[in-house]
Amino acid sequence: MSGALRFDVVTLFGAMFDAVSELGVTGRAHAQGRWALHRWNPRDFTVDVHRTVDDRPYGGGPGMVMRVEPLEKAVRAALEGRAKAGLPETEVILLSPQGRRFDQSIAQSMARGSGAILVCGRYEGIDQRFIDRWVTQELSLGDFVLSGGEIAAMAVMDAVVRLLPGVLNDDESAVQDSFNEHLSGLLDCPHYTRPEVYEGEAVPEVLLSGHHANILRWRRRQSLAVTLRKRPDLIEAARARGWLSRDDEKFLSDLQREDDR
Ligand code: 9WO
C-alpha cells in the first residue's frame, strides 16, 4: 500500500515496543493497519557462539561499545525489507542526546512521509564508524541520558502516529489541531471534569455557563497567561509568526501592566 507509514526499529529490546504497537491510540491504529512496525535485533545478525553485540572500548575506559557489524547487518536488512515493500529510500535515524531536538514540526513532517529506520543504542555508546556510514539524522528528546534509545524512539513514533489521518477519533482530534490552529503554539489551557466542586475547589464558572464564545475567550486567555508565565519564548515565537490577534496583544499588555504594579 502506498502512502503507508512504516517504522523499522533496530534494537536489542524489541519487546519494549509492544507498548506502542499494542496499547492505547497507537496500538489501535496499529491493529487497524494504519502503520507498521518491524523490529530488527542486531543479535540475530551475529555469527559467533556468544552472539556478541558489544565489545570493550579502544583507548580504555568503563563500559562497552556496540560493534559495527551486527548493527550494519540489521540496518541493511531493514533497508532491504523496506525496498521489497516498495517504500522509497529512508532516513536512518539515531536517537541520541547529540541529535537535533525533536519537536512537533519534525513530527508533522514525518507524518507526511513513509517512516524511518530508528536505531536504538545501548551500553556506553555505538562505534563511530557505524554512525558515520549509516546514520543520516540524529534526533534528541532533550539534554538527558537514558540507558538506551528505545524510549526516545517510542516517543517519536507516538508523536508521529497520532498525527496520521483517522488515528484520533472526533473527540480526540481537537487535541491534535490545538497545537497549531486553536492554540497557535501556546500552552494548553487548564481542564476540568466532574465533580463541580472538589474539596471546596469549584470549577471556573464560565465553563458551566454554556456560553460558547465566553468559554473560548476564557480558554484563549488562560493559554496566553500560562504561556507568558511559564514559556515566554513561545509567546515570542507565536508573535513572530503573526499568530497573535490584536485581542491577544491587548490581553497580554494588560497582564504585563498588572505584573508591573
Ligand atoms: C550517551 C551520552 C552521555 C553523555 C554525553 C553524550 C552521550 N551520548 C550518549 C549516547 O548516544 N548513548 C547511546 C544511546 C548509547 C547509550 C544509550 N543511548 C542513549 C540515547 N541515551 N540517551 C539517549 C537519548 C536519546 C534521545 N533523547 C535523549 C536521550
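### Some thoughts on the site of the ligand
Taken together, 18 residues form the shell around the ligand, and within it Gln-98, Tyr-123, Leu-141, Phe-144 and Leu-146 come nearest. Contacts to the ligand include Gln-98, whose side-chain N or O atom sits 3.0 Å from a nitrogen atom. At the level of elements, strand S5 (92-101) and strand S7 (137-140) are the ones that each hand at least two residues to the shell around the ligand. Of all the elements, S5 adds the most residues to the shell around the ligand, at four residues. Across the shell around the ligand, the residue classes tally to nine nonpolar, eight polar and one charged.

### Thoughts on helix H2 (residues 24-31)
Considered for burial, the residues of H2 that qualify are Thr-26, Gly-27 and Ala-29. When H2 is viewed along its axis, its buried side chains cluster within an angular range of 165° and face the same direction. Exposed residues lying more than 90 degrees from the buried face of H2 are Gly-24 and Ala-31. Considering only its buried residues, H2 is in contact with helix H1 (18-22), strand S2 (35-40) and helix H6 (150-161). Looking one or two residues beyond H2, the residue adopting positive phi is Gly-33, at roughly 75°.

### Let's talk about the sheet that holds S5
Overall, parallel pairing links the five strands, which are arranged S2-S1-S6-S5-S7 in an open sheet. In the strand order of this sheet, the two ends are held by S2 and S7, each with one partner. With strand direction ignored, the average angle separating the axes of adjacent strands in the sheet is 35°. Sheet strands touched by H6: strand S1 (5-10), S2, S5 and strand S6 (115-119). Its angle to S1, the strand with the most contacts, is close to 180°.

### Observations concerning the pattern of salt bridges
Summed over the entire model, instances satisfying the criterion amount to 18 salt bridges. Its salt-bridge partner being Arg-122, residue Glu-150 comes within 3.0 Å of it at the nearest N-O pair. Note that Glu-150 is positioned in helix H6 and Arg-122 in the loop between S6 and helix H5 (128-134), a separation of 28 residues in sequence. As a salt-bridge pair, Arg-221 and Asp-247 come within 3.7 Å of each other at their nearest N and O atoms. Taken together, the positions of Arg-221 in helix H8 (residues 212-230) and Asp-247 in helix H10 (residues 246-260) put the pair 26 residues apart, joining distant regions of the chain. Look at the salt bridges and you will find they share partners, linking Arg-6, Asp-8 and Arg-82 into a network.

### A look at the domain arrangement of the chain
Looking at the chain, the domain boundaries give domain 1 (5-161) and domain 2 (177-260). If you average the C-alpha positions of domain 1 and of domain 2, the two centres end up 38 Å apart.

### Overview of helix H4 (residues 104-111)
Restricting attention to buried positions, one finds in H4 the residues Ile-106, Ala-107, Met-110 and Ala-111. One side of H4 carries all its buried residues, which in axial view fall inside an arc of 135°.

### As for the environment of Leu-208
In this fold, Leu-208 is placed in the loop between strand S9 (201-202) and H8. Judged by relative accessible area, Leu-208 falls into the partly exposed class, the value being 46%. On a C-alpha basis, the gap between Leu-208 and Arg-82 in space is 52 Å, while along the polypeptide they are 126 residues apart. Leu-208 has contacts with Glu-196 and Val-203, leaving out every residue within four places of it along the chain.

### Some remarks on the packing of H4 against H6
Each pair of packed helices can be described by the angle between their axes along with the distance between the axes. Here H4 crosses H6 at 65°, and the two axes come no closer than 8 Å. Comparing their axes, H6 and H4 come out roughly perpendicular. Read as a crossing pair, H4 and H6 show a hand that is right-handed. Of the residues in H6, those touching H4 at Ala-107, Met-110 and Ala-111 are Val-156, Ala-159 and Val-160. In the contact of H4 with H6, the residues fall into six nonpolar, no polar and no charged.

### Here's the deal with the environment of Trp-243
As for its placement among the helices and strands, Trp-243 is situated in the loop between helix H9 (232-240) and H10. Residue Trp-243 is classed as partly exposed on the basis of its relative accessible area of 36%. Taking C-alpha positions, Trp-243 is 5.8 Å from Ser-184, a pair spaced 59 residues apart along the chain. Excluding its chain neighbours within four sequence positions, the residues that come into contact with Trp-243 are Ser-184, Gly-185, Arg-220, Ala-238 and Asp-248.

Definitions and cut-offs
- Residues numbered from 1 in each chain as written.
- Predicted model: local features only at pLDDT ≥ 70, side-chain atom pairs only at ≥ 80, totals over all residues.
- Heavy atoms only, no water.
- Near = heavy atom within 4 Å.
- Polar contact = N/O pair within 3.5 Å; in protein donor to acceptor, adjacent residues only side chain to side chain.
- Helix = DSSP H or I, 4+ residues; strand = E, 2+ residues; numbered from the N terminus.
- Nonpolar A, V, L, I, M, F, W, Y, C, P; charged D, E, K, R; others polar.
- Buried < 20%, exposed > 50% of the residue type's maximum accessible area, 1.4 Å probe, protein only.
- Arc of directions from axis to C-beta.
- Contact = heavy atoms within 4.5 Å.
- Pairing = 2+ DSSP bridges.
- Axes fitted to C-alpha atoms, helices over the stretch in contact; angles between N-to-C directions.
- Salt bridge = Lys/Arg side-chain N within 4 Å of Asp/Glu carboxyl O.
- Domains from an automatic or database assignment.
- Parallel < 35°, antiparallel > 145°, perpendicular 65-115°, else oblique.
- Left-handed = near helix turned anticlockwise from the far one by under 90°.

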